[in-house]
Amino acid sequence: MGADIGAFVPGQQFRIAGRAGGPLSGLSFAAKDLFDVAGHPTGGGNEDWARTHPVPERHAWAVQTLLDAGAELIGKTITDEVSLGILGENPFYGTPQNPRAPGRVPGGSSSGSAAAVAAGICDTALGTDTGGSVRVPASFCGLYGIRPTHGRLDLSGMMNQAPTSDTTGWFARDPETFARVSAVMLGEAIPDQLPNRLVIATDAFALAEPETAAALQPLVDRLAVLIGGEVRREPMAPPGLAAWARAQRTIQPYEAWQTFQEWIDRANPRFAFQVARNLVLGGMMPAAERGWANLVREEARGRMRQLLMPGTILCLPTTPFPAPLCGQPLSALDSARDRITALCAHGGLTGVPQATIPGATVDGLPVGLSILGACGSDATLVAVARALS
């Protein structure tokens, strides 16, 4: 069960039955190894985290919610180390295979969850999204995925990274399963009424590789027809996507350092170089830089309120290109990470919900289209994703 693609944490495949007769009865799910499961260690993608923390005695809220709805839990999936990654490569537990793009990364940090769903091992899976960790693997693995409105869901029992950006998310292969799971997790029915205004983020499409933008155009055209009302094109980030990305790369690492500092001081854990470097740099972030980043965050939130009036959604490429090849040198991937971050930074900065929709490929490799709505419009985004399919 999953060993063939390396999606699960070694020794963490098991079965916990869901409640009989629930709305998700008959579905199976996996949980990213940032979610507590009673009686099973939470590893967080780092061997020393599990070693230095007690085994949970109760399920995380998200796990309990799916079990109560009738879904069966089948195990815990690999994550980038302490969720500080965007590509899905883990030096301790290995890199899950991408079933939709063999030889290429699955995307992180919810790598194992996305891979397990893409391979058909389970129907849905829990992930987390701080800087793109559901959205990116959904794009790379050809899945539906969602980053809900920040602060909407209970994160108890979920390992934190950067609290002002952390969210719970989930994946599905098909729109109906995506809608069923979303209704349970969001605690509301998925509406039939759709938005009537669409904004196409010109700066985001310009940042994507031309082949990706061209591959997504038919989806954008279908979305415009589906919305059937006003369609306009304008930049999402007037100061520049790079400015928003820089702000997120300031806030998120600093908060991550604050989250993990006590554990690092106490346990002296082992880290991969990339993760250790980011934590160290986060702890050294000057106050002036943090102040600038928080100002940019307020500006970005104001811009989203301006763009995403009631009845409006915005679309953009989820990632600027398909999944990169596995095993590339760290230095070769820095620019790829920067470009991915530029298309994902708005999530942590603004807290707006974002759903990723599959349906496009570049040379046979999946790329996703994302739709954004105002805070609290999560169910509407799911409705659009279902209707578009």
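The following refers to the structure shown. Note that the coordinates shown come from a computational prediction; the quantities given were computed from them, not determined experimentally. (Residues numbered from 1 in each chain as written. Predicted model: local features only at pLDDT ≥ 70, side-chain atom pairs only at ≥ 80, totals over all residues. Heavy atoms only, no water.)

Observations concerning the overall build of the protein
Which entries qualify depends on this criterion: Runs of E in the DSSP output that reach at least two residues are strands. Runs of H or I that reach at least four are helices, and both are numbered from the N terminus. Between the two quantities, the radius of gyration covers C-alpha atoms and the globule rule is 2.2 Å times the number of residues to the power 0.38. Partly exposed residues are those whose accessible area sits between 20% and 50% of the maximum for their type, while under 20% is buried and over 50% is exposed, using a 1.4 Å probe and protein chains only.
For the protein, the count of helices and strands is twelve helices and eleven strands. The C-alpha radius of gyration of the protein comes to 19 Å, within 12% of the 21 Å expected for a compact globule of 389 residues. Taking the principal axes of its C-alpha atoms as reference, the protein extends roughly 55 × 55 × 35 Å. Relative to its 389 residues, the protein shows a buried fraction of 58%.

Some points on the packing of aromatic side chains
So the rule is basically this: In this analysis, rings of Phe, Tyr and Trp, with Trp reduced to its six-membered ring, are considered paired at centre separations within 6.5 Å, and the interplanar angle assigns stacked below 30 degrees, edge-to-face beyond 60, and tilted for intermediate values. By definition here, charges over rings are those cases where NZ of Lys or CZ of Arg is within 6 Å of the ring centre and within 35 degrees of the ring normal.
Taken as a whole, this structure holds five aromatic pairs when the rule is applied. Clustering of aromatic rings is evident, with ring pairs tying together Trp 49, Phe 260, Trp 263 and Phe 271. Sitting over the ring of Tyr 254, Arg 290 keeps its end group 4.0 Å from the ring centre.

Quick word on a nonpolar patch on the surface
Keep this limit in mind: By definition, no residue in a patch forms a salt bridge, and every one has over 30% relative accessible area; like charges are joined within 9 Å, nonpolar side chains (Val, Leu, Ile, Met, Phe, Trp, Tyr) within 5 Å. Note on areas: these come from Shrake-Rupley sampling with a 1.4 Å probe, and a residue is covered only by the protein chains present in the view. Salt bridge, as used here: a side-chain nitrogen of Lys or Arg that lies within 4 Å of a carboxyl oxygen of Asp or Glu.
On the surface, a cluster of nonpolar side chains totalling about 310 Å² of accessible area is made up of Val 280, Leu 281 and Met 284. Among the secondary structure elements, Met 284 is positioned in the loop between helix 9 (273-283) and helix 10 (287-307). You can call Met 284 exposed: its relative accessible area is 60%.

Some remarks on the pattern of salt bridges
Considering all chains together, one arrives at 19 salt bridges under this definition. Taken together, the shared-partner salt bridges connect Glu 47, Asp 48, Arg 51 and Arg 270 into one network.

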